[in-house]
Each structure stands twice: as C-alpha cells, then as structure tokens.
Amino acid sequence: MSEYRASKPSNPADDWKLWLVVNPGTWLMPILMTVLVVALVVHAFVYSNDSYNPLTYEVSAEAVAE
C-alpha cells in the first residue's frame, strides 16, 4: 500500500483552485437559473398549500379577541 496522503488545502489560500474547475463564465448563469427554479418551486408549494399560505390563513376568533 502507498503511504501517500494528500495535503489538506490551506484555505483561503487555495480557494482560487476551485475556479479552475468551476469556470464562472460557463457555470454562473446555469447555477443562478437552478437557484431561481428551486425558489419558484418552493414558493409555488407554499402558496398552493392552504396551511402554509399566509394570504389565505384564517385567524381564529380567539386570536382576534386577544
């Protein structure tokens, strides 16, 4: 067996190496579009479910009296 162990990166000094793999010129817009789609799906779920939707939430008479 090999006794070689990779050294741990000394972040933030090695943070620049990430951008050698993830080129923002290529991947920034797809990542942002994915984040937008996830946000729209979460909002669609929240607003379509009456128990989570603040626009259709009915306050009980006891809460109004207080």
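Note that this is a predicted model, so its numbers are computed, not measured.

## Some words on the overall build of the protein
So, point 1. Within the protein one finds three helices and zero strands.
So, point 2. By residue count, 2% of the 66 residues in the protein fall in the buried class.
So, point 3. Accessible surface for the protein amounts to roughly 6500 Å². Of this, 66% is attributable to carbon and sulfur atoms.

## Observations concerning a nonpolar patch on the surface
So, point 1. Together, Leu-28, Met-29, Leu-32, Met-33, Leu-36 and Leu-40 give the surface a local cluster of nonpolar side chains, amounting to about 590 Å² of exposed area.
So, point 2. On the secondary structure map, Leu-28 appears in helix H2 (residues 24-48).
So, point 3. The exposure class of Leu-28 is partly exposed, given its relative accessible area of 43%.

## Focus on the UniProt feature "transmembrane region" (unreviewed entry) in the protein
So, point 1. If you check UniProt for "transmembrane region" (unreviewed entry), the listed places come out as residues 27-47 in our numbering.
So, point 2. In residues 27-47, the share of helix is 100% and the share of strand is 0%. The end C-alpha atoms are 30 Å apart.

## Let's talk about the UniProt feature "domain: Antenna complex alpha/beta subunit" (unreviewed entry) in the protein
So, point 1. On the UniProt side, "domain: Antenna complex alpha/beta subunit" (unreviewed entry) is annotated at positions that read residues 15-50 here.
So, point 2. The span residues 15-50 carries 81% helix and 0% strand; its end-to-end C-alpha distance comes to 44 Å.

## A word on the confidence of the model for the protein
So, point 1. On average, residues of the protein score 80 in pLDDT, and 79% of them are at 70 or above.
So, point 2. Mean pLDDT values over the elements of the protein span from 57, in helix H3 (residues 61-65), up to 93, in H2.

## So, H2
So, point 1. For H2, built from 25 residues, the straight-helix expectation of 36 Å at 1.5 Å per residue is met to within 8% by its first-to-last C-alpha distance of 35 Å.
So, point 2. Structurally, the start of H2 carries an N-cap: the backbone nitrogen of Gly-25 is 3.1 Å from a side-chain oxygen of Asn-23.

Procedures and definitions
- Residues numbered from 1 in each chain as written.
- Predicted model: local features only at pLDDT ≥ 70, side-chain atom pairs only at ≥ 80, totals over all residues.
- Heavy atoms only, no water.
- Helix = DSSP H or I, 4+ residues; strand = E, 2+ residues; numbered from the N terminus.
- Buried < 20%, exposed > 50% of the residue type's maximum accessible area, 1.4 Å probe, protein only.
- Areas by Shrake-Rupley, 256 points an atom, 1.4 Å probe, with all protein chains shown as cover.
- Patch = residues over 30% accessible without salt bridge, like charges linked within 9 Å, V, L, I, M, F, W, Y side chains within 5 Å.
- Salt bridge = Lys/Arg side-chain N within 4 Å of Asp/Glu carboxyl O.
- UniProt positions renumbered as here; feature names shortened; annotations may be inferred.
- pLDDT = per-residue confidence, 0-100.
- Expected span 1.5 Å × (residues − 1).
- Polar contact = N/O pair within 3.5 Å; in protein donor to acceptor, adjacent residues only side chain to side chain.

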